[in-house]
Amino acid sequence: MARLITVFGATGAQGSPIVHSLLEGGFKVRGVTRNPDSDKAKALIAAGAEVVKGDLENIPSVEAAVKGAYGVFYVTNFWELFGRDEKTAYDKEIEQGKAVADVCKREGVKHVVFSALDAVKEKIGTLCPHYDSKAVVDKYLDEIGVPKTSVRYPFYFENFISALAPKKQDDGSYVVTLCMDGPMDAISVPDGGPIVAAVFNKPEEYIGKVVSISGDKLTIHEYMAIIGKVTGKTVRYQQVPVEVFAKFPFPGADDIAIMLDYFARGPPTYDVAITRKINPKTLRFEEWAEKNKEKLLNA
């Protein structure tokens with residue numbers, strides 16, 4: 001009988017590819033989303049998943065979603081919680097993550113895959129809220145004895161066609177402004193799907209392990225050069241000090257600045273070779289850029 005995996009955030013950037021990969025791998029999948037009537041949810045149903053309504057802040061819905069499942073994948077969303085109420089997103093994300101962990105423990109889930117991130121404060125002495133909150137939850141899962149694999153995603157290639165798309169300048173060139181130098185790991189988010197499915201498929205190999213995934217490891221200058229090569233644009237990298245970036249006028253700039261500082265000084269330990277061993281189809285950045293040329297041109 002096929003094992004049932006519950007996937008929280010099933011219509012999200014990480015969750016949707018994971019649902020599809022699990023289905024392709026012969027698992028039964030119960031996708032959890034706040035809006036089971038959305039087009040994205042309907043696409044998962046069409047692919048063969050069960051889709052149920054659930055919210056990490058609604059514990060009865062979490063319990064119903066987890067009940068009977070062999071495994072659970074979950075990811076918490078700091079940015080969704082950011083600035084929403086009197087609690088900090090850091091505290092709220094930890095609260096949500098621990099609550100799901102407690103449900104998995106009570107329900108006897110055999111394998112949890114948690115989308116974790118590094119404990120930045122332990123490494124560089126500065127709290128990075130959207131990283132450290134997940135590190136607290138990751139540690140808590142271990143403390144309460146939940147059989148778990150931590151999968152750590154790096155920076156997304158897709159950020160270069162969304163929040164960090166190169167900005168057009170008066171002279172017609174394009175600039176990305178960040179506050180780090182040195183190599184940075186990144187991946188196309190959908191490439192994590194087959195990796196999480198592989199982790200669930202080999203619990204004896206992966207329970208108790210950390211799988212830090214990466215599609216490529218390049219400097220920001222190299223990422224920009226590839227975007228320029230693929231699009232024909234003149235694309236430059238403008239580096240500013242961390243303290244300057246932290247004061248940029250967008251929500252969470254200080255948090256992102258600490259993250260980028262950690263990328264440079266930590267540094268995190270992702271592994272391109274292991275990632276490609278688990279998922280040989282993992283894209284290098286230039287391959288991804290070629291596939292997403294139109295989006296890069298229109299970003």
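Details of the structure are given in the entry above.
Chemist: Teacher, can you tell me more about the overall build of the protein here?
Modeler: Across its full length, the protein holds 15 helices and 13 strands. If you line up the protein on its principal axes, its C-alpha atoms span 60 × 40 × 35 Å. Across the protein, the fraction of contacts at a sequence separation of at least 24, relative to all contacts at a separation of at least 6, is 74%. For the protein, the exposed area adds up to about 13600 Å²; of that, 51% sits on carbon and sulfur atoms. Charge centroids of the protein, computed over 38 positive and 40 negative side chains, lie 4 Å from each other.

Chemist: What's the story with the pairing of strand β6 (residues 148-152) in this structure? I'm lost.
Modeler: Regular strands place side chains that alternate from one sheet face to the opposite one. The buried fraction of β6 amounts to 5 of the 5 residues, a majority that puts the element mostly inside the structure. On β6, burial covers both faces: Lys148, Ser150 and Arg152 on one face and Thr149 and Val151 on the other are all buried. The pairing of strand β5 (residues 111-116) with β6 spans 5 bridges and is parallel. In the strand pairing of β6, Ala116 is matched with Arg152. Both β6 and strand β11 (residues 210-212) contribute to a ladder of 3 bridges, which runs parallel.

Chemist: Hey, could you run me through the sheet that holds strand β7 (residues 155-156) in this one?
Modeler: In a beta sheet, neighbouring strands are held together by backbone hydrogen bonds and run either parallel or antiparallel to one another. With respect to topology, 3 strands assemble into an open sheet ordered β7-β10-β12, the strand pairing being mixed. Looking along the sheet, the strands with just one partner apiece sit at the ends: β7 and β12 (216-219). Pairing geometry for β7 and strand β10 (residues 183-187), over 2 bridges, is parallel. Counted as the bridge partner of Phe155 is Ala186 from β10. Against the sheet, helix α10 (residues 220-231) contacts β10 and β12, and its axis sits at roughly 100° relative to β12.

Chemist: Would you take a moment to explain the pattern of salt bridges for this structure?
Modeler: Two side chains carrying opposite charge are able to pair once their charged atoms lie near each other. Evaluation of the coordinates by the stated rule reveals 15 salt bridges. A salt bridge links Asp216 to Arg284; the shortest N-O distance between them is 3.4 Å. You can see Asp216 sitting in strand β12 and its partner Arg284 sitting in the loop between α13 (272-278) and α14 (285-291), a full 68 residues away along the chain. Residue classification places Asp216 among the buried positions, given a relative accessible area of 8%. By relative accessible area, which is 34% here, Arg284 ends up partly exposed. Where Arg265 meets Asp261, a salt bridge forms, and the shortest distance between an N and an O atom there is 3.0 Å. On the criterion of helical spacing, the pair formed by Arg265 and Asp261 is a turn pair, its members being 4 residues apart in helix α12 (residues 253-265). For Arg265, a relative accessible area of 48% translates into the label partly exposed. Under the relative-accessibility criterion, Asp261 is labelled buried at 16%. One continuous salt-bridge network, built from bridges that share partners, spans Asp118, Asp138, Asp142, Lys148 and Arg152.

Reading the values: rules and limits
- Residues numbered from 1 in each chain as written.
- Predicted model: local features only at pLDDT ≥ 70, side-chain atom pairs only at ≥ 80, totals over all residues.
- Heavy atoms only, no water.
- Helix = DSSP H or I, 4+ residues; strand = E, 2+ residues; numbered from the N terminus.
- Contact = heavy atoms within 4.5 Å.
- Areas by Shrake-Rupley, 256 points an atom, 1.4 Å probe, with all protein chains shown as cover.
- Lys, Arg positive; Asp, Glu negative; His and termini not counted.
- Charge placed at Lys NZ, Arg CZ, Asp CG, Glu CD.
- Buried < 20%, exposed > 50% of the residue type's maximum accessible area, 1.4 Å probe, protein only.
- Pairing = 2+ DSSP bridges.
- Axes fitted to C-alpha atoms, helices over the stretch in contact; angles between N-to-C directions.
- Salt bridge = Lys/Arg side-chain N within 4 Å of Asp/Glu carboxyl O.

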